[in-house]
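Coordinates in review
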Amino acid sequence: MKFSFDGFRLLLVHVVLALVATAMVLPFTWMVLASLKKLQEIGLESWIPTVFQWENYRDVFTMKGVQFGRWYWNSILVAGWVTFLQVFTSSLAAFSFSRLKWKGRDMVFLLYLATMMLPSLVMMIPNYQNMISLGLVNTLQGLILPSAFSAFGTFLIRQFMMNIPSSLDEAAEIDGASKWQLYWTVILPLARPAIVTLTIFTFIGNYNSMFWPLVMIKSPELYTLPIGMLAFDSSQGQQTNLLMAAVTMSVIPMILIFLFMQKQLVKGIMLGGVKG
Amino acid sequence: MLKLTRRDIREISTGIAFLLPNIVGFLAFTTIPLAISLFMAFTDWNLEMHNMFQNQELRSVGFANFRKLFTDPDFMTYLGNTLFLMLGIPFGIAGSLCAALMLNNDFRCSRMRRVYGIVIVTVILIVSCSMLILAGAGSTAMTLLVCGIVGTILVLGSIGGQTVYRTLFYFPSFTAGVATYILWKKLYSPENGPINNVLQPVLDRISPLAGSMSLETAHFGGALLIVLMGIIYAYVVFRLISSWKNGETGSLSYCIALALLSIPLVCCQLWSRIPWGGALGLSLVTLGVLFSLLMFLTGRDYRCVCDCGMSNAIVLDGMVMVGLFICLGLSNVILALPTMASGDGLTAPKWISDYYWAKPSLMIMGFWAAIGSNNMLLYLAGLSGISQELYEAADIDGASPFQRFWNVTWPQLSNVTFFILVMSIMGGLQGGFETARTMTQGGPAGSTTTLAYYIYSEGFNSGRLGYASAVAWTLFILVFCVTLFNWKFGNRYTND
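If you're wondering where the values come from, they're calculated on a predicted model, not measured in any experiment.

Residue-level contacts link 102 residues of chain A with 96 residues of chain B. Buried surface at the junction of chain A and chain B, summed over both partners, amounts to about 9100 Å²; 79% is from carbon and sulfur atoms. It is Met24(A), Met117(A) and Ile125(A) in chain A that bury the most area against chain B; as a group they hold 8% of the surface buried on that side. Seen at the junction of chain A and chain B, the total is two salt bridges. Note that Lys103(A) is salt-bridged to Asp8(B), the shortest N-O span being 3.0 Å. Here chain A is connected to chain B by nine residue pairs in polar contact (both at pLDDT 80 or more). Take the side of chain A that touches chain B: its biggest share by element is 24 residues, from helix α1 (residues 5–35) of chain A.

In structure tokens form, the structure reads like this:
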């Protein structure tokens, strides 16, 4: 075996990468280990619990004032609906912007693009007034509706659909397909990678979103996970072990999505970012 | 006059029909609110007066909200906080770039080599682990735990290569949200938090050493770092001038680059404990800007006002700022060490509950999440897009690794960097709400209140919707300036 310079360099790179990766992982390690400790052990120097308290995870669900299961369900419900609606409306709009030819199309699309740059904060206050007049304050529908339409999603899917060869459209037209059939049976299945990416982004974004629920939701049984965790933290945050158990459980769906969908995600970011 | 045939109308109606579900929601929840919000910014809309019980008339107050805003010392403080937190951006971008560069290595190697690699790594780990335990660093179980994690990652990394590291790096930014902020709040807790548990023993060991240091030594060390800072600065100014002379950088870019470079020097004037350090820097910058303005006004060179030098110059600035701030911070720390240690030893900072440490704490957390963020993936994509021929040509010319990076990789990535920078600045201006709400409530004493958090607390806690709208629109105008800037200088690089 030869110790070439290149081999040594590679080893060095491995070590540096592993050290940085450790720094990324350590906080999460502490989180999991702290969630398995007894409350008295939290401040100790050693991270490892003497006895693993698995019942902490059960206790989170039965805590007073913490409707964890309920919040979990609300979060998934809201994120799921938003994702479904957004993907549906965005893909329709993207189809119109990329596969149909009509006068003024590019101008409308430019307007869409311009609004992508708007800070969402500006819209929050009038939207709140909107929701008051619609009577949707303190309902889950009020959380779902404003997020169901997105310029970013339209943009992402449109970029992808532009690359689908136009000969497919012509072939479908010769076969006598209507525009709807063209969308539903030809273009939509082909745009799957972009749609998967948008699905992941939208789901994660809404699962984590905090500003809008914080403004809209007043009653604890309608809390989503982020504002629920906030309430948990401010009312019973001293119980670090239970708090960490809750944090761990709230991160789990993201970990699962991340591990299973990583490939599409990475592709999607490169698709949306480099061209944007 | 626009003439529409029947066919046009049919096509438009089909197009609009597909667009309809999106555009209705879009109008209702984006466009119309935008208009309403502009209108609100000129009224005295207040939830206490204008609610369903006390239905008072809305009054238009003209520009009073904006006038109040610019005389409001709070607003200026919060704008300053936002900009301060944005200073973390160049650090994050540099981290992402380094991570991407390391990940871009070719990790493929023969199976035999891989086995050898694992063996070597295991031996190194066991040796270092036992040495740490023998030296009595922390508890044995903790040392074993950390070394175990490093070892596992190394073994996984040598089997899986890039994918494993990329996954682990990307993880913090992917899960960033209330959950991780709460986690960091606990990590930062001043008494018996895990970070201070590790930090305090280390500081205890250093403090006698620092206490024995004389004031002269400290002054000398601090001055040395300031000089280093001056050398970095001089080098960059030299590079800028030479590229401006060669016509790579236009005069406008040159001015902007110099003006940006003055930021750390102004900070130096404000924060440095060596008074002449900042004054020197300031006078240097003033001279430079005056000189370039003179050149610009006398019309020496305005061939290329918007040019490829722009993004390069700005990015160069960003990177230099990182270096300058590190020098400045270190020199301040060295100067303060003897006095701090002479009392009852060095104590670990109180992180987010300390007025001065709160912002740096948030920046450290942001850095942790930013290294492996989307930016790293963008850089990876950019790196894989660089043609191999360029590197071969550089090799033939006998370029050193540093020259390869500086003359091939860096210019080729400049469009990606520019895109990332603009996006980060836009995000940074609007950011800081979630961390402030979760971790610090904007405190201590307003030191982490950003504009976004200010809008929230004015609008939804105090109910002054009119004033909050005015703040939001000011923020909007700031963001819009960045967008315009992007359109002017960024388009041709990012939309190829």
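The structure having been displayed, the exposition proceeds.
Right, let's get into the environment of Ser250(A). Counting through the fold element by element, Ser250(A) comes out in helix α13 (residues 240–275). Here the alpha-carbon distance between Ser250(A) and Tyr72(A), two residues 178 residues apart in the chain, equals 7.7 Å. Once you skip the residues sitting within four places of it in the chain, Ser250(A) turns out to touch Tyr72(A), Tyr207(A), Leu225(A), Met229(A) and Ala179(B). In terms of polar contacts, Ser250(A) uses its side chain to reach the backbone carbonyl oxygen of Val247(A), at 2.9 Å.

Another aspect to go through is helix α8 (residues 178–187) of chain B. Within α8(B), nine of the 10 residues are buried, leaving the element largely enclosed by the surrounding structure. Buried within α8(B) we find Val178(B), Ala179(B), Thr180(B), Tyr181(B), Ile182(B), Leu183(B), Trp184(B), Lys186(B) and Leu187(B).

Quick look at the side chain of Ser90(A) now. Positionally, Ser90(A) belongs in helix α3 (residues 68–98). When its relative accessible area of 0% is taken as the criterion, Ser90(A) is described as buried. Discounting chain neighbours no more than four positions away, the residues touching Ser90(A) are Ser150(A), Gly153(A), Thr154(A), Ile157(A), Leu198(A) and Asn22(B).

Residue and element names in this part refer to chain B. Among all positions of helix α2 (residues 64–71), only Asn65, Phe66 and Leu69 are buried. Buried residues in α2, looked at end-on, bunch into an arc of 95 degrees, giving them a common side. The outward face of α2, more than 90 degrees from its buried face, is lined by the exposed residues Arg67 and Thr71.

Two quantities define a packed helix pair, namely the angle between the axes and the distance from one axis to the other. Residue and element names in this part refer to chain A. Look at helix α4 (residues 105–116) against helix α7 (residues 151–162): their axes get within 9 Å of each other, and the N-to-C directions meet at 125 degrees. Overall, the two elements α4 and α7 adopt an arrangement that is oblique. Every pair of crossing elements has a handedness; the one defined by α4 and α7 is left-handed. Here Phe109, Tyr112, Leu113, Thr115 and Met116 of α4 come into contact with α7, specifically with Ala151, Phe152, Thr154, Phe155 and Arg158. Residue classes in the contact of α4 with α7 are distributed as seven nonpolar, two polar and one charged.

Residue and element names in this part refer to chain B. This structure, assessed with the given rule, holds nine salt bridges over all chains. Here Arg464 and Glu458 are joined by a salt bridge, their closest N and O atoms 2.8 Å apart. According to the relative accessible area criterion, Arg464 is partly exposed, its value standing at 32%.

Attention shifts here to unusual backbone geometry. With the exception of glycine, most residues fall at negative phi, and the peptide bonds are largely trans. Residue and element names in this part refer to chain B. Non-glycine residue Gln441 carries a positive phi angle of around 55 degrees. Within the secondary structure layout, Gln441 lies in the loop between α19 (433–440) and α20 (451–461). Even without a glycine there, the phi angle at Ala445 is positive, about 55 degrees. With respect to the secondary-structure elements, Ala445 resides in the loop between α19 and α20.

Here we take up the confidence of the model for chain B. Predicted coordinates in areas of low pLDDT are best not read in detail. Chain-level statistics for chain B give a pLDDT mean of 77 and a share of 76% at 70 or above. Scored below 50 in pLDDT, residues 492–496 of chain B makes 10 contacts in the model with residues more than four places away or belonging to other chains.

Parameters and conventions
- Residues numbered from 1 in each chain as written.
- Chains lettered and ligands numbered in written order.
- Predicted model: local features only at pLDDT ≥ 70, side-chain atom pairs only at ≥ 80, totals over all residues.
- Heavy atoms only, no water.
- Contact = heavy atoms within 4.5 Å.
- Buried area = accessible area lost by both parts, 1.4 Å probe.
- Salt bridge = Lys/Arg side-chain N within 4 Å of Asp/Glu carboxyl O.
- Polar contact = N/O pair within 3.5 Å; in protein donor to acceptor, adjacent residues only side chain to side chain.
- Helix = DSSP H or I, 4+ residues; strand = E, 2+ residues; numbered from the N terminus.
- Buried < 20%, exposed > 50% of the residue type's maximum accessible area, 1.4 Å probe, protein only.
- Arc of directions from axis to C-beta.
- Axes fitted to C-alpha atoms, helices over the stretch in contact; angles between N-to-C directions.
- Parallel < 35°, antiparallel > 145°, perpendicular 65-115°, else oblique.
- Left-handed = near helix turned anticlockwise from the far one by under 90°.
- Nonpolar A, V, L, I, M, F, W, Y, C, P; charged D, E, K, R; others polar.
- pLDDT = per-residue confidence, 0-100.

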